[in-house]
Amino acid sequence: MSSNKLFFAPGSYVPVSGFIRLNPGLGLVDIEVQSDLLAYIASSKGRILAACYANEMVTYFDVQHVDLSSGLVRIEPREAGIYTLVSERLRNDFPIVTNWNAALNGGRGGPQAGAADGIGVLRLHAETGEREVDLQLRDEDPSSPYYYQTDTYALFAGEKEGESFRTPAYERYIGETYSVLRVTDEAALKLSDEIRELTGYPIIFRVPTAAPEQLEGMPAFQLVHGRIAGQGEHESMVSYILPPLWSTSLKEHYPALFSGFYDQNENVFSTMGPPLLKGLGQAFLETGKGAVGIIWNGGGSFGTRTMQASIYENLDDVFRIAIEQYGVNGHEVVTVGGSRGGISSLMAAGNPGSTVYSVRYAVCYNVPLAFGEPFRDMLNPTCPVCWRAVCEDIGYKNAWQPGWKDGEGRSAVDLFLATLLGTSDSVRIASGPGPASDAIILALKSKGTKVWLTHGTHDAYTSSWLSFEWADRARRHGVQVRHEIGYRYGHNNCTNPFDSAKLCLVSLLTGQELPMEGNWHYRRASEVPEAWEESELFEPARQPIFLEGPKFAIAGLPMLLILYGEPGMEYRLALQPSWEQNAIEPITIEPIVMLEGTMPVVAGGREGFSYVKSVQPVPDQLVPGIYVYDLEVRRSNEDTWERPAMHAPQPGIIEPATLEVIADVPHLANDEWLERTMKHAIGWGLSEA
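Peer 1: Could you give an account of the packing of helix H5 (residues 264–271) against helix H6 (residues 273–287), naming the residues involved and the relevant values?
Peer 2: Two elements in contact, H5 and H6, have axes separated by 5 Å at closest approach and are oriented at 55°. Classified by the angle their axes make, H5 and H6 are oblique. Contacts between H5 and H6 involve Asn267, Val268, Phe269, Ser270 and Thr271 from the former and Gly273, Pro274 and Pro275 from the latter. Grouping the amino acids of the contact of H5 with H6 by side-chain chemistry returns four nonpolar, four polar and no charged.

Now the structure itself:
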């Protein structure tokens with residue numbers, strides 16, 4: 001629990017005030033409550049009660065006075081404890097739905113609509129009050145080849161008696177229609193209290209079967225949680241957030257703010273729910289108008305990255321429900337997300353065949369666009385996280401090992417792509433199911449969707465050239481794109497995606513069109529590690545030079561080097577033995593040139609931008625040891641070579657960026673490897689900005 005706030009669950013009552021610590025002898029204490037709430041309670045002849053948590057028990061007693069005009073409720077504390085105000089007229093539907101029944105399949109559990117069991121739990125830390133997840137889903141038996149405990153849990157839909165699935169497969173993922181996490185009442189109430197503190201209105205938690213007439217006119221946000229969406233064999237899980245005073249009689253239908261990520265309960269109560277609700281609340285305060293929030297699991301908790309064919313029918317059903325039951329205007333939609341959520345945002349906006357809805361603004365941050373042939377470029381230490389993702393998604397813990405094949409002779413990459421997209425054919429991926437495909441771009445153009453695309457350089461998951469290429473290609477097809485580049489931000493945000501989405505939502509609520517254009521450059525405002533998240537907008541005189549390269553390379557395996565700059569710039573990237581390496585074991589080799597040439601003009605690219613990339617084996621001359629990156633450039637119309645001032649991407653690093661060559665293949669998917677190769681999801685290399 002936090003030092004100044006303690007959450008407790010007053011039964012199923014909805015707390016309509018904050019949680020405050022009080023002692024007896026204070027006399028009368030006034031507590032503020034949103035006036036709309038008090039008026040509703042009074043008009044429905046409900047009572048206001050004080051709930052007190054003390055000695056691990058909750059007791060209720062009458063308040064002293066209610067002042068409707070000021071919104072103040074007066075109580076007299078009876079004992080030392082934590083107090084909040086509740087009403088008999090406002091009740092939560094607890095427990096929070098998971099759609100998982102632990103008793104099914106002989107105790108291995110299974111999906112069941114409306115059930116509330118969990119494999120793990122999302123709760124509040126006993127001392128700090130922060131959210132925490134306890135989930136033991138990985139198979140830790142060293143003799144087992146499988147990534148997940150599929151012998152203990154029936155994680156996949158469609159199992160028949162006497163058989164069990166051991167790994168994810170295409171259209172077969174963990175958590176499609178259920179959540180693996182049970183949510184404690186206190187964790188749910190923390191979400192309610194956060195939005196109440198911002199707007200004055202708490203959240204009422206509703207079961208997925210709550211009828212619209214039950215929700216009419218409530219002076220609170222309402223979370224209809226855990227609905228199952230989809231018309232076909234493959235379904236997904238979604239939750240809807242209704243604004244205060246929501247009504248089906250509103251003449252103008254509500255715009256929607258949509259996000260899709262991973263496990264549904266973690267989405268709603270930890271990762272996506274708080275910032276999305278904050279955006280809804282801020283837009284409500286700024287405009288006086290409400291919008292509906294939609295949080296979706298993207299087709300599953302684990303194994304999927306939201307690119308399987310069924311997601312389009314699922315999305316149509318998600319929005320059909322929103323339109324028919326919750327009064328959403330299906331053509332006034334903002335989608336938002338980062339990483340896999342960025343894929344969800346882009347795919348939802350680019351749903352090619354949908355006539356149910358269209359997206360006005362797609363806010364897409366750090367989208368991993370590398371699938372198909374480019375993805376094979378990522379499977380090396382420049383993007384050190386990718387092998388972990390491969391193992392997670394195909395369900396084999398040793399798939400990172402060079403030369404690994406499954407029982408049918410498929411490589412890890414081919415199985416990974418087939419699991420996510422239904423094919424490993426790079427031509428088919430590029431033409432259809434991949435998030436970078438022209439099919440998505442053409443759908444965005446036809447629907448008039450504007451795209452807010454943000455990425456960080458030196459991303460531990462993907463390379464920057466993919467975002468530059470996508471933004472320029474989308475523009476050539478007539479899509480309006482605002483492209484934000486955060487130098488040295490990695491898989492993090494140089495601006496806040498939900499703040500951006502809130503601006504888009506306010507645009508819909510006020511009818512003032514928001515332009516989406518230009519290239520926006522951000523850099524770190526400070527080199528102090530404690531302030532590494534702070535960014536500043538700047539306007540470079542020319543494209544800043546940066547290199548995306550590995551921190552570690554493995555003798556005998558490939559390494560990826562990508563250099564960014566401007567057309568016509570000559571470059572020479574070399575590796576030199578470090579001072580430390582020579583002090584231990586002098587190396588007499590000459591600097592090894594890794595990249596050399598002149599930056600080309602990128603066909604169809606933006607003016608003043610260019611890049612070159614090379615996937616090459618670690619040269620034999622690079623004996624195991626530490627080497628320093630040495631970059632020289634000569635710009636167009638300049639006579640002399642220069643070594644631009646370069647920064648290492650990771651905060652707090654002031655020494656020259658180095659490459660360590662190692663002889664043995666490490667475990668490319670475990671925590672130790674990720675700790676060695678990245679920090680804060682930031683990869684390695686050099687950057688002028």
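Peer 1: Please set out the state of the cysteines residue by residue, giving values where relevant.
Peer 2: Scanning the model with the defined rule gives zero disulfides in all. The thiol of cysteine 504 is not disulfide-bonded; the next cysteine sulfur, from cysteine 364, is found 10 Å away.

Peer 1: Describe unusual backbone geometry, and please don't skip the residues or the numbers.
Peer 2: Of the consecutive residues phenylalanine 94 and proline 95, the connecting peptide bond is found in the cis state with omega at 0°. Here proline 95 is to be found in the loop between strand E7 (81–87) and strand E8 (100–101). Positive phi is not limited to glycine here, since asparagine 105 has a value of about 50°. In this fold, asparagine 105 is placed in helix H2 (residues 104–107). Judged by its relative accessible area of 43%, asparagine 105 is partly exposed.

Peer 1: Kindly report on the side chain of arginine 206, identifying the contributing residues and their values.
Peer 2: When you line up the elements, arginine 206 lands in strand E13 (residues 203–206). Buried charge without a partner: arginine 206 forms no salt bridge, and the closest opposite charge is aspartate 93, 4.9 Å away. A distance of 2.9 Å separates the side chain of arginine 206 from the side chain of glutamine 222, its partner in a polar contact. Ignoring anything within four residues of it in the chain, the contact list for arginine 206 reads Arg91, Asp93, Gln214, Leu215, Met218, Gln222, Leu223, Val224 and His225.

Peer 1: Tell me about the pattern of salt bridges, residues and numbers included.
Peer 2: In this structure the tally under the stated criterion is 37 salt bridges. The partner of arginine 47 in a salt bridge is aspartate 62, and the shortest N-O contact between them spans 2.8 Å. In this pair, arginine 47 is assigned in the loop between helix H1 (35–43) and strand E3 (48–54) and aspartate 62 in strand E4 (residues 57–62), connecting sequence segments 15 residues apart. Looking at arginine 47, the relative accessible area reads 40%, which means it is partly exposed.

Peer 1: Can you lay out the environment of glutamine 325 for me, pointing to particular residues and giving the numbers?
Peer 2: Relative to the elements of secondary structure, glutamine 325 occurs in helix H7 (residues 310–326). The exposure class assigned to glutamine 325 is partly exposed, which follows from its relative accessible area of 26%. Linking glutamine 325 and valine 336, residues 11 residues apart in sequence, is a C-alpha distance of 22 Å. Ignoring anything within four residues of it in the chain, the contact list for glutamine 325 reads Pro212, Arg227 and Trp246.

Peer 1: Outline the sheet that holds strand E24 (residues 546–548), supporting the account with residue identities and numerical values.
Peer 2: Across a sheet, paired strands are connected by hydrogen bonds in the backbone, their directions being either parallel or antiparallel. One open sheet holds the four strands; their spatial order is E29-E26-E24-E32, and the pairing between them is antiparallel. Each edge of the sheet is formed by a strand with only one pairing partner; in this case those strands are strand E29 (610–617) and strand E32 (685–687). Strand-to-strand twist across the sheet, computed as the mean angle between neighbouring axes with direction ignored, equals 15°. Both E24 and strand E26 (residues 558–565) contribute to a ladder of three bridges, which runs antiparallel. Within the sheet, the bridge partner assigned to phenylalanine 546 lies in E26 and is tyrosine 564.

Peer 1: Could you give me a rundown of the environment of leucine 503, with the residues and numbers involved?
Peer 2: Mapped onto the elements, leucine 503 comes out in helix H15 (residues 497–510). For leucine 503, a relative accessible area of 43% corresponds to the partly exposed category. Considered as a pair, leucine 503 and alanine 283 are 220 residues apart in the sequence and their alpha carbons are 8.0 Å apart.

Peer 1: Which residues make up the packing of aromatic side chains, and what values do they have?
Peer 2: The full count for this structure, using the stated rule, is 32 aromatic pairs. An angle of 75° between the planes, with centres 6.1 Å apart, marks the rings of phenylalanine 61 and tyrosine 83 as edge-to-face. Highlighted residues: phenylalanine 61 in strand E4 and tyrosine 83 in strand E7, separated in sequence by 22 residues. The cationic tip of arginine 172 hangs over the ring face of phenylalanine 156; the distance from NZ or CZ to the ring centre is 5.6 Å.

Peer 1: Just give me the short version of the nonpolar core, but keep the residues and values in it.
Peer 2: With 159 residues, the main nonpolar core has Phe269, Ile294, Phe371 and Trp470 as its most contacted residues. With eight residues, the top contributor of residues to this core is H7. Not counting the four nearest positions on each side in its chain, isoleucine 294 is found in contact with Val238, Ser239, Tyr240, Ala256, Leu257, Phe258, Ser259, Leu276, Val318, Phe319 and Ala322. Membership of the second largest hydrophobic core comes to 27 residues, among which are Leu561, Leu575, Leu595 and Tyr629.

Conventions used here
Residues numbered from 1 in each chain as written. Predicted model: local features only at pLDDT ≥ 70, side-chain atom pairs only at ≥ 80, totals over all residues. Heavy atoms only, no water. Axes fitted to C-alpha atoms, helices over the stretch in contact; angles between N-to-C directions. Helix = DSSP H or I, 4+ residues; strand = E, 2+ residues; numbered from the N terminus. Parallel < 35°, antiparallel > 145°, perpendicular 65-115°, else oblique. Contact = heavy atoms within 4.5 Å. Nonpolar A, V, L, I, M, F, W, Y, C, P; charged D, E, K, R; others polar. Disulfide = S-S within 2.5 Å. Buried < 20%, exposed > 50% of the residue type's maximum accessible area, 1.4 Å probe, protein only. Lys, Arg positive; Asp, Glu negative; His and termini not counted. Salt bridge = Lys/Arg side-chain N within 4 Å of Asp/Glu carboxyl O. Polar contact = N/O pair within 3.5 Å; in protein donor to acceptor, adjacent residues only side chain to side chain. Pairing = 2+ DSSP bridges. Phe/Tyr/Trp six-rings, centres within 6.5 Å; stacked < 30°, edge-to-face > 60°. Lys NZ or Arg CZ within 6 Å of the ring centre and 35° of its normal. Core = buried A, V, L, I, M, F, W, Y, C linked by side-chain atoms within 4.5 Å.

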